[in-house]
Amino acid sequence: MILRDAGQVYSTTMRQVADTGAICREIRISPQRLAEMYAAADQELAPINFQSPVMEAPEVHEVFWLMHWLSEQNPCALEMATDTHRLLWRLSRRSGHPGLRRSRETSPQKIGRVADYIRAHFSDGVALQTLAEIAGCNPFVLLRQFRKKMGVTPHDYLAICRVNAARDLLKRGAPILETSFACGFSDQSHLTRCFKKHMGVTPGRFVTINRR
């Protein structure tokens, strides 16, 4: 992975190229968006070091490729926001400097309020910044503390709420396409992806099983 600042040019010779050739993937975060994320981090992120741009870090590469895959799957906004923050956090930890203020924790009660909000608004668009404001912390702290208390990320929790609601509607005979929009999924393929992940079967297969 190569980090490039705005306007920075970097060239290198690839050490390993597959028989089918090389594939170049790029994620661009605008300076304005980057500034907003750093402001929201409340001095808990280290500046990214672009002077040593080549980064070999499996945990960073994992999020990078996941974001590219998600961008082709029509993901929900909370999912992309979560992984954008994860990528920036890991880049900061790998290329930044130590000595920043230690992250503040938020109370379990506030994390509970975030979970309550997600359950009440699962069919709507849920924004990461909104959840952070409910918790009274920045998005980076929220992601860590929510997973620590609930065992899953806010997005995974949202997906579980939506899948449970979709399961109930499908049991009552609701059409799959109608169910996907009623439960907050962007389209039927988004419902199918999440439903299979959490239920082990596709919505169509689930309907067939429950008709027997």
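Scroll up to find the structure.
Residues numbered from 1 in each chain as written. Predicted model: local features only at pLDDT ≥ 70, side-chain atom pairs only at ≥ 80, totals over all residues. Heavy atoms only, no water.

**Remarks on the overall build of the protein**
- Secondary structure assignment for the protein yields 10 helices and zero strands.
- Going from N to C terminus, the protein has its helices and strands arranged as α-α-α-α-α-α-α-α-α-α.
- Looking at the 212 residues of the protein, the share that counts as buried comes to 37%.
- Contacts spanning at least 24 positions in sequence make up 69% of the contacts within the protein whose residues lie at least 6 apart.
- Carbon and sulfur atoms make up 51% of the accessible area of the protein, which amounts to about 12,400 Å² in all. (Helix = DSSP H or I, 4+ residues; strand = E, 2+ residues; numbered from the N terminus. Buried < 20%, exposed > 50% of the residue type's maximum accessible area, 1.4 Å probe, protein only. Contact = heavy atoms within 4.5 Å. Areas by Shrake-Rupley, 256 points an atom, 1.4 Å probe, with all protein chains shown as cover.)

**Some words on the packing of aromatic side chains**
- Within this structure, the stated rule accounts for four aromatic pairs.
- Between tryptophan 89 and phenylalanine 140, the aromatic rings sit 5.9 Å apart at their centres with planes inclined by 35°, giving tilted as the arrangement. Pair noted here: tryptophan 89 is in helix 3 (residues 77-95) and phenylalanine 140 is in helix 6 (residues 139-150), with a separation of 51 residues, a long-range link. Like phenylalanine 140, tryptophan 89 is buried.
- Centroid distance phenylalanine 146 to tyrosine 157: 5.7 Å. Interplanar angle 75°. Geometry classified as edge-to-face. Here the residue phenylalanine 146 occupies a position in helix 6, and tyrosine 157 occupies one in helix 7 (residues 154-171), the gap between them amounting to 11 residues.
- It is arginine 144 that lies over the ring of tryptophan 89; its NZ or CZ is 4.5 Å from the centre. (Phe/Tyr/Trp six-rings, centres within 6.5 Å; stacked < 30°, edge-to-face > 60°. Lys NZ or Arg CZ within 6 Å of the ring centre and 35° of its normal.)

**Side note on the environment of methionine 67**
- Relative to the helices and strands, methionine 67 resides in helix 2 (residues 58-71).
- Among the residues examined, methionine 67 registers a relative accessible area of 5% and is labelled buried.
- Each C-alpha atom of the pair methionine 67 and leucine 87 lies 8.9 Å from the other, and the pair is 20 residues apart in sequence.
- Beyond its immediate stretch of four places on either side in the chain, methionine 67 contacts Ile27, Met80, Asp83, Thr84 and Leu87.

**Focus: helix 7**
- Compared with an ideal rise of 1.5 Å per residue, which puts 18 residues at 26 Å, helix 7 spans 26 Å between its outermost C-alpha atoms and is within 8% of the ideal.
- Where helix 7 terminates, the next one or two residues include glycine 173, which has phi positive at roughly 95°. (Expected span 1.5 Å × (residues − 1).)

**Thoughts on helix 2**
- The terminal C-alpha atoms of helix 2, which comprises 14 residues, lie 20 Å apart, in line with the 20 Å expected from a rise of 1.5 Å per residue.
- All of the buried residues along helix 2 are Val60, Val63, Phe64, Met67, His68 and Leu70. Taken around the axis of helix 2, the buried residues stretch over an arc of 165°, which confines them to a single face. (Arc of directions from axis to C-beta.)

**Quick look at the environment of serine 92**
- Mapped onto the elements, serine 92 comes out in helix 3.
- The buried category is assigned to serine 92, whose relative accessible area is 1%.
- Placed 45 residues apart in sequence, serine 92 and proline 47 show a C-alpha to C-alpha distance of 6.2 Å.
- For serine 92, the contacting residues outside a window of four places in its chain are Tyr38, Leu45, Ala46 and Ile48.
- A polar contact is formed between the side chain of serine 92 and the backbone nitrogen of alanine 46, at a distance of 2.8 Å. (Polar contact = N/O pair within 3.5 Å; in protein donor to acceptor, adjacent residues only side chain to side chain.)

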